[in-house]
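# Tertiary structure, described
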Amino acid sequence: MSFTEKWKFLTYGTNLEKCPIFLASSNGKKIPLLKTLLSNSCINNCLFCPYRNERRITRTIWKKEELVNLTIKLTRAKKINGLFLSSGIIKDPILTSEKQIEIVEELRKLNYNNYIHLTLMPGIDIELMKRAVELANRVGINIEFPSQQYYDEVKLYLSFKQDVLKRLKLLSRIVEYYRKRGKKIDLVTQFIVGVKEESDKEILETTEYLYRKLNLKRVYYSAFEPIENTPLENKKPESKEREKRLYRASFLIRDYKLSYKDFEYDENGNLMYSDPKKSLKPEIKEKYNFNDLLKFEKFGIKRAFRLNNNYSLIKFLSTPS
Ligand code: SF4
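Residues numbered from 1 in each chain as written. Predicted model: local features only at pLDDT ≥ 70, side-chain atom pairs only at ≥ 80, totals over all residues. Heavy atoms only, no water.

### With respect to the site of the ligand
Cut-off, in case you're wondering: Any residue with a heavy atom lying within 4 Å of a molecule or strand is counted as near it. Grid points spaced at 1 Å over the protein atoms alone were grouped into cavities, where a 1.4 Å probe fits but cannot get out, and pockets, open sets with protein on both sides within 12 Å along at least five of seven lines, with lining residues defined by an atom within 4 Å of a point. More than half of a molecule's atoms within 2 Å of the grid points is what it takes for that molecule to sit in a cavity or pocket. Residue polarity is assigned by list, with Asp, Glu, Lys and Arg as charged and Ala, Val, Leu, Ile, Met, Phe, Trp, Tyr, Cys and Pro as nonpolar; anything else, Gly included, falls into the polar class.
Around the ligand sit Cys42, Asn44, Cys46, Cys49, Arg52, Gly88 and Lys155, and that is every residue in its neighbourhood. For the ligand, the cavity whose grid points lie within 2 Å of the majority of its atoms is the largest pocket. The class makeup of the residues in the shell around the ligand is 3 nonpolar, 2 polar and 2 charged.

Quick look at the structure:
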């Protein structure tokens, strides 16, 4: 297969003129990363996924030297400042993660000190997790859904508890171990939103757990888009508005230490307003003077605090409980 074809299949369908860039945020800076799969082959059959095993597409994989050279070349050309590497599960999660890590090892051997984000495979083993944390700047395993129920319905062969949650817990402990020894390393994950009837409340409850207990740096949300020739090709796409609403609510949970329980939800468990501050329970708004803050909502919450000259919430929230 030609390089151009490989590029198209592994970099989310882009062409050579358009570099597939993911902007990672690190210490207030945006870092452009080459976003690519190691392979678009997968043994699994998640119902929503363009790479599911039963979907007829051309399968391919980067050879180690191809991806290493490409990353270095694009970095030298100042198109990117690092690599974001994910993958389908080639034969098993261990083999796939080993191949991902070999690429990163090779880059580091060549003194490539730029930013590397590794999305690891559900089911990866602990030794590979450690190696990934040593080598990368950001690691994660995509959680996709808030509970086992949705795995049974959509992810089919994967266990939410064993393959994902248990691995994220272990990864969190490894990350913490390395952080304490001075390594700057972030742990992240991603939900896909709107595939089934999972509610904002369920997603935010799991988000709160991830931020509070596992110290994640960032939880991402991706609105579902139907893919042709998958079992969900006729399902309605999820709105980008919901994706934004979840981000806003999650930042209130992460940065202001609010709880998913502090919001009011409709009968389906979803937030009623695109600005989740409006969905806070009356007693929470009152307790933290949110009614005053809402007058300034167009400025965003941090600026509203400054304008309102009200630091009581920040003070309260920064006091250890
Ligand atoms: S394991 Fe990942 S790549 Fe494979 S089918 Fe499921 S979502 Fe797609």
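### Quick look at the nonpolar core
Quick reminder of the rule: Among the buried residues, those of types Ala, Val, Leu, Ile, Met, Phe, Trp, Tyr and Cys that are joined through side-chain atoms within 4.5 Å form a nonpolar core. Exposure is judged per residue with a 1.4 Å probe applied to protein chains only, and the accessible area is read against the type maximum: over 50% gives exposed, under 20% gives buried, and values in between give partly exposed. What counts as a helix is a DSSP run of H or I of at least four residues, what counts as a strand is a run of E of at least two, and both are numbered from the N terminus. All the domain ranges listed were derived from an automatic or database domain assignment. Any pair of residues with heavy atoms lying within 4.5 Å of one another is described as a contacting pair.
The biggest cluster of nonpolar side chains holds 89 residues, and the ones touching the most others in it are Phe48, Leu118, Val139, Leu204 and Tyr221. Element by element, the count of residues in this core is highest for helix α6 (residues 160-180), at 8 residues. Summarising the domain contributions, this core has at least three residues from each of domain 1 (3-238) and domain 2 (257-321). In this structure phenylalanine 48 touches Glu144, Phe145, Val154, Lys155, Ile192, Val195, Phe224, Ile227 and Leu232, once residues within four positions along its chain are discounted.

### Observations concerning the packing of helix α4 (residues 126-135) against α6
To keep things clear, this is the line we draw: Lines fitted to C-alpha atoms define the axes here, with helix axes fitted over just the stretch in contact, and angles between the N-to-C directions of these axes take values from 0 to 180 degrees. The cut-offs work like this: below 35 degrees is roughly parallel, past 145 is roughly antiparallel, 65 to 115 is roughly perpendicular, and the gaps in between are oblique. Here a crossing is called left-handed whenever its near helix is offset anticlockwise from the far helix by less than a right angle, and right-handed whenever the offset is clockwise.
Between α4 and α6, whose axes approach to 10 Å, the crossing angle comes to 45°. Judged on the interaxial angle alone, α6 and α4 are oblique. Note on packing geometry: the crossing formed by α4 with α6 is right-handed. Listed contacts from α6 to Ile126, Met129, Lys130, Val133 and Glu134 of α4 are Arg167, Leu170, Leu171, Ile174, Val175 and Tyr178. Looking at the contact of α4 with α6 residue by residue, the class counts come to 8 nonpolar, no polar and 3 charged.

### Thoughts on the layout of surface pockets
Counted only if it meets this: Grid points are joined across faces, edges and corners, and a volume is the space filled by probe spheres set on the points.
For the largest pocket, the calculated volume is near 1100 Å³. Lining the largest pocket are 39 residues; nearest its centre among them are Tyr12, Tyr51, Asn142, Glu144 and Gln190. Counting residues per element, the ones that place at least two in the lining of the largest pocket are β2 (29-37), β3 (82-86), β4 (115-119), β6 (186-193) and β7 (218-223). Here the element with the most residues in the lining of the largest pocket is β6; it accounts for 4 residues. Considering only residue class, the lining of the largest pocket consists of 21 nonpolar, 12 polar and 6 charged.

### A short note on the packing of aromatic side chains
How we decide: The criterion for an aromatic pair is that two Phe, Tyr or Trp rings (for Trp, the six-membered ring) have centres within 6.5 Å, with stacked assigned to planes under 30 degrees apart, edge-to-face to planes over 60 apart and tilted to the rest.
Throughout the structure, instances matching the rule amount to 8 aromatic pairs. For the pair phenylalanine 48 and phenylalanine 145, a centre-to-centre distance of 6.0 Å together with 65° between the ring planes defines the contact as edge-to-face. Separated by 97 residues along the polypeptide, phenylalanine 48 in the loop between β2 and α2 (64-76) and phenylalanine 145 in the loop between β5 (138-140) and α5 (148-155) bring together distant segments of the chain. Each member of the pair, phenylalanine 48 as well as phenylalanine 145, carries the same accessibility label: buried. Ring centres 6.1 Å apart and planes at 85° place the aromatic pair phenylalanine 145 and tyrosine 151 in the edge-to-face group.

Worth remembering: the numbers are spatial, not functional.
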